[in-house]
Amino acid sequence: MTVAHIQDISQYEGQNVTIRGWLHNRRSSGKIHFLMLRDGSGFMQAVMSKAAVGDEIFTRADHLGQETAVSVEGTVRADTRAPGGYELDVSGLEVVGPSADYPITPKEHGVDFLLDRRHLWIRAERQQAILRVRHEIIRGVRDYFDSRDFVLADTPIFTPSACEGTTTLFPVQYFEDTTAYLTQSGQLYNEANAMALGRVYSFGPTFRAEKSKTRRHLTEFWMVEPEVAYATLDDAIDLAEGLVVSVVERVLDRRARELKTLERDTSKLEKVKAPFPRISYDDAVKILHDKGMPFEWGGDFGGPDETAISDHFDRPVAVHRYPSAVKAFYMKPDPNRPEVALGVDVLAPEGYGEIIGGGQRLDDYDLLLQRIREHKLPQEAFEWYLDLRRFGSVPHSGFGMGIERVVSWVCGLEHVRETIPYPRMLYRLYP
Ligand code: 4AD
Ligand code: MG
């Protein structure tokens, strides 16, 4: 028995093969059953005639429930009308695992119904396409940094302190009398790693107790974070631009089929080329004012502001030099204008908002200590971080890119909840 994967089916034209998978759906025209099979690698139509399989199998096939696990034997035939270009002429069928009353039928379901059954929903063609694009993006990210000699150095998930503000920390009881927090970002450890290894990145899950119910926020999301010793803000923007361009190109190149399944307008993605426009926060505020939007200098941009700014451009835009007051404690002030920080956000086009946040880090011991105090952070927990400014401090920069935001944008989705197999949100911890 030759087991074939649907994605490779063109290699088996004219041959007798077995497909091991599930029955996605079926329809019948009396003497012929059309079985839509899926095997994880793709979808393919199998055509079963009574003449080829005999009465018993033919009758049994007419009662198979959606998602029945089946092993189907047949001959591969090229057919230009078939979705993947090939069909299977069935000669035998074996039921491996029955399925009755599968809850997700081809009719429309509400999103809460689907999210409650996320473990099954991921079998849908669209959801599979999204998860394949996600995998391609992750591979693209890794290749980008690995091919530039960055060292993947992992950072801890249990941490003693906040990186991105104390309001979104998830506390965890750590044995009897200690509270740990789930990491919000690997950045602080990446800075130490960069002082050891020069160019590093971390890539893992990060956590924010986000009480906001927006289409851009999860409480658990994956972030890739490069950090580079001796790099400036401009170096970090160059790196971010290169990363985004290379990841988008890779998905266009290798996941065209999935983007088609998702009905993504790829002409928009084809415009994602260097150089990205780079504008200051001040310029961004001007754009908002020119559009008649009320916005006061000094605040952080909300979702609608980001959309309005990015609508101005056909590719991602890097907005730099935000007011220090709205940014994290570790940001280096611009020496020429200390009220703004050498930070950058990259905003995706088409209203997807911030996909990258980062910048140049405060490398001065005294000022860092002052900031830790101003932000009312517990100094003892940051002694190790201050050590980096005690022992051979250098300028350094980096950023974090949220994978789900990028997947959402590249796939053209309404909400980040479909970009990860099991989304975690304010009101969702199941399944
Ligand atoms: O802008 P953020 O908060 O930056 C940091 O955490 C820095 N310490 C990173 C660094 O410089 N190493 O988060 C970075 C990115 C955002 O641009 C966004 O893409 C994503 O992480 N992100 C989220 N994605 C989904 N849900 C959330 N709640 C997110 N919060 C941030
Ligand atoms: Mg940010």
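Above: the structure in question.
This one's a predicted model, so the numbers in the text were calculated from it and none came from an experiment. (Residues numbered from 1 in each chain as written. Chains lettered and ligands numbered in written order. Predicted model: local features only at pLDDT ≥ 70, side-chain atom pairs only at ≥ 80, totals over all residues. Heavy atoms only, no water.)

Draft legend 1. Main features of the overall build of the chain. From N to C terminus, the chain includes 14 helices and 18 strands. With the C-alpha coordinates of the chain rotated into their principal frame, the extents come out at 85 × 55 × 40 Å. For the chain, the residues scored as buried account for 53% of the 431 residues in total. Expressed as a percentage of contacts within the chain between residues at least 6 apart in sequence, the contacts between residues at least 24 apart total 66%. Counting only carbon and sulfur atoms, one obtains 51% of the accessible surface of the chain, whose full area is about 20100 Å². The centroid of the 52 positive side-chain charges in the chain is displaced by 4 Å from the centroid of its 64 negative side-chain charges. (Helix = DSSP H or I, 4+ residues; strand = E, 2+ residues; numbered from the N terminus. Buried < 20%, exposed > 50% of the residue type's maximum accessible area, 1.4 Å probe, protein only. Contact = heavy atoms within 4.5 Å. Areas by Shrake-Rupley, 256 points an atom, 1.4 Å probe, with all protein chains shown as cover. Lys, Arg positive; Asp, Glu negative; His and termini not counted. Charge placed at Lys NZ, Arg CZ, Asp CG, Glu CD.)

Draft legend 2. Region of interest: the packing of aromatic side chains. What the rule picks out here adds up to 17 aromatic pairs. Summarising the aromatic geometry, the rings of tyrosine 189 and tryptophan 384 are spaced 4.5 Å apart at their centres and angled 15° between planes, so their arrangement reads as stacked. You can see tyrosine 189 sitting in helix H6 (residues 187–197) and its partner tryptophan 384 sitting in helix H13 (residues 383–390), a full 195 residues away along the chain. On the basis of an interplanar angle of 25° and a centroid distance of 5.1 Å, the ring pair of tyrosine 281 and phenylalanine 301 is categorised as stacked. Of this pair, tyrosine 281 sits in helix H10 (residues 281–290) while phenylalanine 301 sits in the loop between H10 and helix H11 (303–310); the two residues are 20 residues apart in sequence, bridging distant segments of the chain. Accessibility assignment for this pair places tyrosine 281 and phenylalanine 301 in one class, buried. Put simply, the rings of Tyr189, Phe329, Tyr330, Phe382, Trp384 and Tyr385 touch in pairs and so form one group of aromatic residues. We note arginine 27 situated over the ring of phenylalanine 34; from NZ or CZ to the ring centre the distance is 4.3 Å. If you follow arginine 117 out to its NZ or CZ, it ends over the ring of phenylalanine 113, 3.7 Å from the centre. (Phe/Tyr/Trp six-rings, centres within 6.5 Å; stacked < 30°, edge-to-face > 60°. Lys NZ or Arg CZ within 6 Å of the ring centre and 35° of its normal.)

Draft legend 3. Examining the packing of H10 against H11 more closely. Axis separation between H10 and H11 bottoms out at 9 Å; the angle between their running directions is 90°. When the axis of H10 is compared with that of H11, the two are roughly perpendicular. Together, Ala284, Ile287 and Leu288 of H10 and Asp305, Ala308 and Ile309 of H11 make up the contact between the two elements. Its residues assigned to classes, the contact of H10 with H11 comprises five nonpolar, no polar and one charged. (Axes fitted to C-alpha atoms, helices over the stretch in contact; angles between N-to-C directions. Parallel < 35°, antiparallel > 145°, perpendicular 65-115°, else oblique. Nonpolar A, V, L, I, M, F, W, Y, C, P; charged D, E, K, R; others polar.)

Draft legend 4. A look at the side chain of serine 185. As for its position among the elements, serine 185 is in the loop between strand E9 (178–182) and H6. Judged by its relative accessible area of 5%, serine 185 is buried. Here the side chain of serine 185 touches glutamine 187 through a polar contact of 3.0 Å, landing on its backbone nitrogen. (Polar contact = N/O pair within 3.5 Å; in protein donor to acceptor, adjacent residues only side chain to side chain.)

Draft legend 5. A look at the pattern of salt bridges. Under the defined criterion, the tally for this structure stands at 36 salt bridges. Salt-bridge contacts for arginine 361 lead to glutamate 227; the nearest nitrogen and oxygen are separated by 2.8 Å. With arginine 361 in the loop between strand E17 (353–360) and helix H12 (365–374) and glutamate 227 in strand E11 (residues 220–229), this residue pair connects regions lying 134 residues apart in the sequence. What emerges from the salt-bridge pattern is a single network uniting Glu136, Arg139, Asp143, Arg250, Arg254, Arg255, Arg257 and Glu258. (Salt bridge = Lys/Arg side-chain N within 4 Å of Asp/Glu carboxyl O.)

Draft legend 6. Looking closely at the nonpolar core. Counting residues in each nonpolar core, the largest one holds 47 residues, and the members touching the most others are Ile137, Val141, Phe145, Trp409 and Val410. Those elements that provide at least two residues to this core are helix H5 (125–146), strand E10 (199–207), E11, helix H7 (233–254), strand E16 (343–348), E17, strand E18 (396–402) and helix H14 (403–411). If one sorts the elements of this core by residue count, H7 sits on top with eleven residues. Apart from residues lying up to four places away in sequence, tryptophan 409 is in contact with Val244, Val248, Arg264, Leu269, Val272, Pro316, Ala348, Pro349, Glu350, Tyr352 and Ile355. Grouped together as the second largest cluster of nonpolar side chains are 24 residues, Ile6, Val53, Ile57 and Val76 included. (Core = buried A, V, L, I, M, F, W, Y, C linked by side-chain atoms within 4.5 Å.)

Draft legend 7. Representation of the side chain of serine 41 in the model. Checked against the element boundaries, serine 41 lands in the loop between strand E2 (32–38) and strand E3 (43–49). Classification of serine 41 by relative accessible area gives buried; the value is 9%. Within polar-contact distance, the side chain of serine 41 engages the backbone nitrogen of isoleucine 6 at 3.0 Å. From its side chain, serine 41 meets the backbone nitrogen of glutamine 7 in a polar contact 2.9 Å long. Other than its neighbours up to four places away in sequence, serine 41 contacts His5, Ile6, Gln7, Arg132 and Arg257.

Draft legend 8. Representation of the sheet that holds E9 in the model. Taken in spatial order, the three strands of this open sheet run E7-E9-E8, and their pairing is antiparallel. At either margin of the open sheet sits one strand with a lone partner, and together these are strand E7 (158–159) and strand E8 (171–174). Direction of pairing for E7 relative to E9: antiparallel, over a ladder of two bridges. For threonine 159, the partnering residue across the bridge sits in E9 and is tyrosine 181. (Pairing = 2+ DSSP bridges.)

Draft legend 9. Here's a closer look at the pairing of E18. In terms of burial, E18 is a largely internal element, seven of the seven residues being buried. With burial as the criterion, each face of E18 is covered, one bearing His396, Gly398, Gly400 and Gly402 and the other bearing Ser397, Phe399 and Met401. Two elements, E11 and E18, share five bridges in a ladder whose sense is antiparallel. Each residue of the ladder has a partner; that of valine 228, found in E18, is serine 397. As defined by bridge partners, E17 adjoins E18 across five bridges and the pair is classed as antiparallel. Residue pairing across strands places isoleucine 356 opposite methionine 401, the latter belonging to E18.

Draft legend 10. Summary view of the sheet that holds strand E12 (residues 278–280). A sheet is described by the order of its strands in space; here eight strands give the open sequence E6-E10-E11-E18-E17-E16-E13-E12, paired in mixed fashion. Where the open sheet ends on each side, the last strands, each with one partner, are strand E6 (151–152) and E12. The pairing of strand E13 (residues 317–320) with E16 spans four bridges and is antiparallel. Each residue of the ladder has a partner; that of valine 317, found in E16, is leucine 347. Running over the sheet, H10 touches E12 and E13 and is turned about 85° from E12.

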